Amino acid sequence: MTNNSYILVSPCRNEADFMRKTLDSVVNQSVLPSLWIIVDDGSTDDTPMILAEYASKYEFITVLTRKNRGHRSVGPGVIEAFYFGYEQIKLDDYGFICKLDLDLIMPEKYFETLIQRMAENPRIGNCSGKPYYVDKQTGKLVSEGCGDENAIGASKFYRRQCFKEIGGFIRQVMWDGIDGHRCRQLGWVAVSWDDPELRFTHLRPMGSSQKNIITGRIRHGFGQYFMGTGFVYMLASAIFRIFHPPYLIGGFAMFWGYIKSALTQVPRFEDKALRQFINRYQWACLLKGKAKATVELNEQQAAVWKNTHGEV
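What comes next concerns the included structure. Since the structure is predicted, the reported quantities are computational estimates derived from the model, not experimental observations. (Residues numbered from 1 in each chain as written. Predicted model: local features only at pLDDT ≥ 70, side-chain atom pairs only at ≥ 80, totals over all residues. Heavy atoms only, no water.)

## Observations regarding the environment of Leu274
Then, number 1: Position of Leu274 relative to the elements: it lies in helix H10 (residues 272–288).
Then, number 2: Sequence separation between Leu274 and Ile178 is 96 residues; the distance between their C-alpha atoms is 8.7 Å.
Then, number 3: Excluding residues that lie within four positions of it along the chain, Leu274 makes contacts with Ile178, His181, Arg182, Gln185 and Phe269. (Helix = DSSP H or I, 4+ residues; strand = E, 2+ residues; numbered from the N terminus. Contact = heavy atoms within 4.5 Å.)

In structure tokens, the structure reads:
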């Protein structure tokens, strides 16, 4: 394999309503993956049939099946399924690895563009484009409003070396936030771009959960508490979300998930040094704005990366 080769690992469960669009958008990429491992996490709909159909047509698609646990499990369940596939590969054979959901439509040059941008900046360890969803009333694409300081959880594209250095994903809610902070702590750059060639369609609204979007927002609040997010930053984040769909209740649900976790003394992420690193960054975001705080932190952490990798 070449340094530019990449592998996709896709956990899925009961994605028959969405997955053909994802499958078609990947097999039509300008640069195809060397291997695509799709982990069927106990689907009970037509997912297995659809996967078998595509695997028979495309040699780079491999389907693995896990035993049905009886329910959909977001967060840690998704990562358990990811690692079920990850453990079947030798990562050193590939230049990049991507955790990719099966409810997305990717633009044709999506992966080619990510690889090119990472080649231009060797400090970029984790990146993605931006997700958009179709508004049911207007039919227009609407941005999910994700920040630039991390790759999107639905499409986590990693440089192999960076993924190994951060220790991969934790098996808990907020895995897709903690990884970006760990990247910065080690001097890597985590980023997503809102450029036309990298905008992808999210067929299921982010954070909608296996039940509904309110449950997803409450879960997000718990995840923020687990990660170590401070009270003031969480309050500001919840207020920000009040003005985005679902209006008012989404922000309140996030804040309730955080407060409930604090009141019940839910255990927090055990890495105290990283929690402190996250808190300092969040205070800088509140005082300076997230864009400026992120640029300054990446500049500060360049020395950390240079000490490990020998160049900037």
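## A word on the sheet that holds strand E8 (residues 141–143)
Then, number 1: What the 4 strands build is an open sheet, ordered E5-E11-E7-E8; its pairing is mixed. Only two strands of the sheet have a single partner each, and these edge strands are strand E5 (104–105) and E8. (Pairing = 2+ DSSP bridges.)

## So, the pattern of salt bridges
Then, number 1: Across all of its chains, the model carries 18 salt bridges by this definition.
Then, number 2: Glu15 is the partner of Arg204 in a salt bridge, and the nearest nitrogen-oxygen pair spans 3.0 Å. Residue Arg204 is found in the loop between strand E11 (199–202) and helix H7 (213–227), and its partner Glu15 is found in the loop between strand E1 (6–12) and helix H1 (19–27); the two are separated by 189 residues along the sequence. Here the two residues Arg204 and Glu15 agree in accessibility, since each one is buried. (Salt bridge = Lys/Arg side-chain N within 4 Å of Asp/Glu carboxyl O. Buried < 20%, exposed > 50% of the residue type's maximum accessible area, 1.4 Å probe, protein only.)

## Looking at the state of the cysteines
Then, number 1: Across all of its chains, the model carries 0 disulfides by this definition.
Then, number 2: Summary of cysteine pairing: Cys146 is not part of a disulfide, and the nearest cysteine sulfur, belonging to Cys127, is at 15 Å.
Then, number 3: In this structure Cys146 comes out as buried when scored by relative accessible area, which is 17%. (Disulfide = S-S within 2.5 Å.)

## Focus on the sheet that holds strand E6 (residues 124–128)
Then, number 1: Strand order in the open sheet formed by 7 strands is E3-E2-E1-E4-E9-E6-E10, with mixed pairing between adjacent strands. Strands at the two margins of the open sheet, each flanked by one partner only, are strand E3 (61–65) and strand E10 (189–192). With strand direction ignored, the average angle separating the axes of adjacent strands in the sheet is 15 degrees.
Then, number 2: Here E6 runs beside strand E9 (residues 155–159); their pairing, made up of 2 bridges, is antiparallel. Considered in E9, the bridge of Cys127 is made with Phe157.
Then, number 3: Against the sheet, helix H4 (residues 110–120) makes contact with E1, strand E4 (96–100), E6 and E9, and its axis sits at roughly 155 degrees relative to E6, the strand it touches most. (Axes fitted to C-alpha atoms, helices over the stretch in contact; angles between N-to-C directions.)

## What to know about the environment of Thr215
Then, number 1: Topologically, Thr215 is positioned in helix H7.
Then, number 2: Judged by relative accessible area, Thr215 falls into the partly exposed class, the value being 26%.
Then, number 3: C-alpha of Thr215 to C-alpha of Leu286: the two residues are 71 residues apart in sequence and 27 Å apart in space.

## A closer look at the packing of aromatic side chains
Then, number 1: Considering all chains together, one arrives at 23 aromatic pairs under this definition.
Then, number 2: With 5.8 Å between their ring centres and 85 degrees between their planes, Tyr110 and Phe200 make a pair best called edge-to-face. Residue Tyr110 is found in helix H4, and its partner Phe200 is found in strand E11; the two are separated by 90 residues along the sequence.
Then, number 3: Of the residues examined, Tyr110 reaches a relative accessible area of 0% and is grouped as buried.
Then, number 4: On the basis of relative accessibility, which here comes to 1%, the residue Phe200 falls in the buried class.
Then, number 5: Each ring, one from Trp188 and one from Trp305, has its centre 5.7 Å from the other, and the planes form 85 degrees; the classification is edge-to-face. In this pair, Trp188 is assigned in the loop between helix H6 (175–185) and E10 and Trp305 in helix H12 (residues 302–309), connecting sequence segments 117 residues apart. The same class applies to Trp188 as to Trp305, namely buried.
Then, number 6: Within the aromatic cluster, the residues linked to one another by ring pairs are Phe82, Tyr83, Tyr86, Tyr158, Phe163, Phe169 and Trp175.
Then, number 7: The ring of Trp193 carries Arg117 above its face, with NZ or CZ at 4.9 Å from the centroid.
Then, number 8: Across from the ring centre of Tyr281, 4.8 Å away, lies the NZ or CZ of Arg184, which sits over that ring. (Phe/Tyr/Trp six-rings, centres within 6.5 Å; stacked < 30°, edge-to-face > 60°. Lys NZ or Arg CZ within 6 Å of the ring centre and 35° of its normal.)

## Some words on a nonpolar patch on the surface
Then, number 1: Side chains of Phe231, Val232, Leu235, Ile239, Phe243, Trp283, Leu286 and Leu287 sit close together on the surface and give an oily, nonpolar patch of about 810 Å² of accessible area.
Then, number 2: Elements that contribute at least two residues to the nonpolar patch include exactly helix H8 (231–242) and H10.
Then, number 3: Take the nonpolar patch: its biggest share by element is 4 residues, from H8.
Then, number 4: With respect to the helices and strands, the residue Leu286 is situated in helix H10. (Patch = residues over 30% accessible without salt bridge, like charges linked within 9 Å, V, L, I, M, F, W, Y side chains within 5 Å. Areas by Shrake-Rupley, 256 points an atom, 1.4 Å probe, with all protein chains shown as cover.)

## So, the layout of surface pockets
Then, number 1: When its volume is computed, the second largest pocket comes out at roughly 180 Å³.
Then, number 2: Lining the second largest pocket are Asp148, Glu149, Val189, Ala190, Val191, Lys290, Ala291, Thr294, Val295 and Asn298.
Then, number 3: At the level of elements, E10 and helix H11 (290–300) are the ones that each hand at least two residues to the lining of the second largest pocket.
Then, number 4: No other element matches H11, which puts 5 residues into the lining of the second largest pocket.
Then, number 5: Considered class by class, the residues forming the lining of the second largest pocket number 5 nonpolar, 2 polar and 3 charged. (1 Å grid on protein atoms, 1.4 Å probe; cavity = no way out; pocket = protein on both sides within 12 Å on 5 of 7 lines; lining within 4 Å. Points joined across faces, edges and corners; volume = space filled by probe spheres on them. Nonpolar A, V, L, I, M, F, W, Y, C, P; charged D, E, K, R; others polar.)

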